[in-house]
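Observations on the three-dimensional arrangement
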Amino acid sequence: VQLQASGGGLVQAGGSLRLSCAASGRTFSMYAMGWFRQAPGKEREFVAAVSGSGGSTYYADSVKGRFTISRDNAKKTVYLQMNSLKPEDTATYYCAAALLPRTIATMTSALGYDYWGQGTLVTVSS
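Reference entry: report on the structure contained in this document. (Residues numbered from 1 in each chain as written. Predicted model: local features only at pLDDT ≥ 70, side-chain atom pairs only at ≥ 80, totals over all residues. Heavy atoms only, no water.)

**Brief notes about the pattern of salt bridges**
Quick note on the threshold: Salt bridges are defined by distance alone: a side-chain nitrogen of Lys or Arg within 4 Å of a carboxyl oxygen of Asp or Glu. Each residue's exposure class comes from its accessible area (1.4 Å probe, protein chains only) as a fraction of the maximum for that residue type: buried when under 20%, exposed when over 50%, partly exposed otherwise. Per the convention used, a helix needs a DSSP run of H or I reaching at least four residues, while a strand needs a run of E reaching at least two, with both numbered from the N terminus.
Following the criterion strictly, the structure yields five salt bridges and no others. We note a salt bridge from Glu-45 to Arg-37, for which the minimum N-O separation is 2.6 Å. By relative accessible area, Glu-45 is classed as partly exposed at 36%. For Arg-37, a relative accessible area of 5% translates into the label buried. Arg-37 is paired through a salt bridge with Asp-89; the nearest N and O atoms lie 2.9 Å apart. In this pair, Arg-37 is assigned in strand S4 (residues 31-38) and Asp-89 in the loop between strand S8 (77-82) and strand S9 (91-99), connecting sequence segments 52 residues apart. Pair check on accessibility: Arg-37 and Asp-89 agree, each one buried. Connected through shared salt-bridge partners, Arg-37, Glu-45, Arg-66 and Asp-89 make up one network.

Have a look at this one:
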């Protein structure tokens, strides 16, 4: 599976961005998809994950209520809608794929993912 993330950019605090991650391969629905982020000098952290069908979603507490993860299996794409952005959301955002089945614990950990995209930079100005 190859992943290509896009949609990052510079936005003012309170604004919105939508990230996209396009996947290759024919078995996209067999993968849980996740978004992670890494700020300079910090470890990579979990942001959101979605099950293969899209029926289950999981979020980090720091983004709950502001970010929404979704997927379109026909387009082999996963999205991250980010609203009410804060300067502390500034980071490089990575999408990742994990071959199912996975537990919730592994879907919320970077160690649980098999494939990673190249990252897209999100900068939120105050």
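**Points about the side chain of Arg-37**
Cut-off, in case you're wondering: Identification of polar contacts relies on pairs of N or O atoms within 3.5 Å, with a donor-acceptor requirement for protein atoms, meaning one able to donate a hydrogen and the other able to accept it, and with residues adjacent in sequence counted only if both atoms are side-chain atoms. By definition in these notes, contact holds between two residues if any of their heavy atoms fall within 4.5 Å.
A polar contact is formed between the side chain of Arg-37 and the side chain of Asp-89, at a distance of 2.9 Å. With residues near it in sequence (within four places) discarded, Arg-37 still touches Glu-43, Arg-44, Glu-45, Val-47, Ser-62, Val-63, Phe-67, Glu-88, Asp-89, Ala-91, Thr-92 and Tyr-93.

**Comments concerning the side chain of Ser-51**
In this structure, Ser-51 sits in the loop between strand S5 (45-50) and strand S6 (57-59). Within the structure, Ser-51 has its side chain in polar contact with the backbone nitrogen of Gly-55 (distance 3.3 Å). Not counting residues within four places of it along the chain, the set of residues in contact with Ser-51 comprises Ala-32, Ser-56, Arg-71 and Met-107.

**With respect to the sheet that holds strand S1 (residues 3-6)**
Here is the rule we go by: Pairs of strands are assigned from DSSP output, requiring at least two bridges between the strands. Orientation is described by lines fitted to C-alpha atoms, with helices fitted over the stretch in contact, and by angles between N-to-C directions that extend from 0 to 180 degrees.
Spatially, S1-S3-S8-S7 is the arrangement adopted by the four strands of the open sheet, whose pairing is antiparallel. The two strands at the open ends of the sheet, each matched to only one other strand, are S1 and strand S7 (67-72). Averaged over all neighbouring strand pairs, the angle between strand axes comes to 15 degrees, with direction disregarded. Here six bridges tie strand S3 (residues 17-23) to S8, and the two strands are oriented antiparallel to one another. When the sheet's bridge partners are listed, Ala-22 is paired in S8 with Thr-77.

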